[in-house]
Amino acid sequence: MTTLTSPKPAARLDADGMAVASFVLGLVGTLVLNLVLGPCALVLGALALTRGTTRRGRAALGLALGAADLLLLAALTAADGTLSWHLG
């Protein structure tokens, strides 16, 4: 008899998707919508790690980028009192 390998559990696939989404949101959040995308990246990264993702590096990068988004927002707010980027 042949044994079939079982596919990844759905929860793990969801966690892998959350890890990638956390990374992408954190990366995009450094450019636009820091206030919204930073916390989303933090939450998704933490959930992905909690649910046992196989993409731990991406989840960790999502956490780091989400935190960087919020730090960047704080720096921008302290520097010129606005919540947006501007050049000049």
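Parameters and conventions
- Residues numbered from 1 in each chain as written.
- Predicted model: local features only at pLDDT ≥ 70, side-chain atom pairs only at ≥ 80, totals over all residues.
- Heavy atoms only, no water.
- Patch = residues over 30% accessible without salt bridge, like charges linked within 9 Å, V, L, I, M, F, W, Y side chains within 5 Å.
- Areas by Shrake-Rupley, 256 points an atom, 1.4 Å probe, with all protein chains shown as cover.
- Salt bridge = Lys/Arg side-chain N within 4 Å of Asp/Glu carboxyl O.
- Helix = DSSP H or I, 4+ residues; strand = E, 2+ residues; numbered from the N terminus.
- Buried < 20%, exposed > 50% of the residue type's maximum accessible area, 1.4 Å probe, protein only.
- Contact = heavy atoms within 4.5 Å.
- Axes fitted to C-alpha atoms, helices over the stretch in contact; angles between N-to-C directions.
- Parallel < 35°, antiparallel > 145°, perpendicular 65-115°, else oblique.
- Left-handed = near helix turned anticlockwise from the far one by under 90°.
- Nonpolar A, V, L, I, M, F, W, Y, C, P; charged D, E, K, R; others polar.
- Expected span 1.5 Å × (residues − 1).
- Arc of directions from axis to C-beta.

A contiguous nonpolar patch, built from Val 24, Val 28, Leu 31, Val 32, Leu 33, Leu 35, Val 36 and Leu 83 and spanning about 740 Å² of accessible area, is present on the exposed surface. Only helix H1 (10-29) and helix H2 (34-50) provide two or more residues apiece to the nonpolar patch. Positionally, Leu 31 belongs in the loop between H1 and H2. Judged by its relative accessible area of 60%, Leu 31 falls in the exposed class.

Take the side chain of Ser 22 next. Of note, Ser 22 is situated in helix H1. Of the residues examined, Ser 22 reaches a relative accessible area of 0% and is grouped as buried. Here Ser 22 is in contact with Ala 41, Leu 44, Gly 45, Ala 59, Gly 62 and Leu 63, once residues within four sequence places are set aside.

Below, the discussion takes up the packing of H2 against helix H3 (residues 56-80). Packing of H2 against H3 leaves a shortest axis separation of 8 Å and a crossing angle of 155 degrees. When the interaxial angle is binned, H2 and H3 end up roughly antiparallel. The hand of the H2/H3 crossing is left-handed. The segment H2 lies against H3, with Asn 34, Leu 35, Leu 37, Gly 38, Pro 39, Ala 41, Leu 42, Gly 45, Ala 46, Ala 48 and Leu 49 engaging Arg 56, Ala 59, Gly 62, Leu 63, Gly 66, Ala 67, Asp 69, Leu 70, Leu 72 and Leu 73. Of the residues assigned to the contact of H2 with H3, the class counts are 14 nonpolar, five polar and two charged.

Quick look at H2 now. Each full turn of the α-helix corresponds to 3.6 residues, which orients residues three or four apart in the same direction. The end-to-end C-alpha distance of H2, which contains 17 residues, comes to 24 Å, matching closely the 24 Å that a straight helix rising 1.5 Å per residue would cover. Residues of H2 that are buried: Asn 34, Leu 37, Gly 38, Ala 41, Gly 45 and Ala 48. For H2, the arc enclosing every buried residue in end-on projection is 105 degrees, short of the 170-degree limit, so these residues lie on one face. Turned more than 90 degrees away from the buried face of H2 sit Leu 35 and Thr 50, all of them exposed. One or two positions beyond H2, positive phi appears at Gly 52, with a value near 80 degrees.

Attention shifts here to the environment of Ala 64. By the secondary structure assignment, Ala 64 is in helix H3. C-alpha of Ala 64 to C-alpha of Gly 26: the two residues are 38 residues apart in sequence and 7.9 Å apart in space.

On to the environment of Pro 39, then. Considering the arrangement of structural elements, one finds Pro 39 in helix H2. A C-alpha to C-alpha distance of 9.9 Å links Pro 39 and Leu 65, two positions 26 residues apart in sequence. Each residue touching Pro 39, except ones within four places of it in the same chain, is listed here: Asn 34 and Leu 70.

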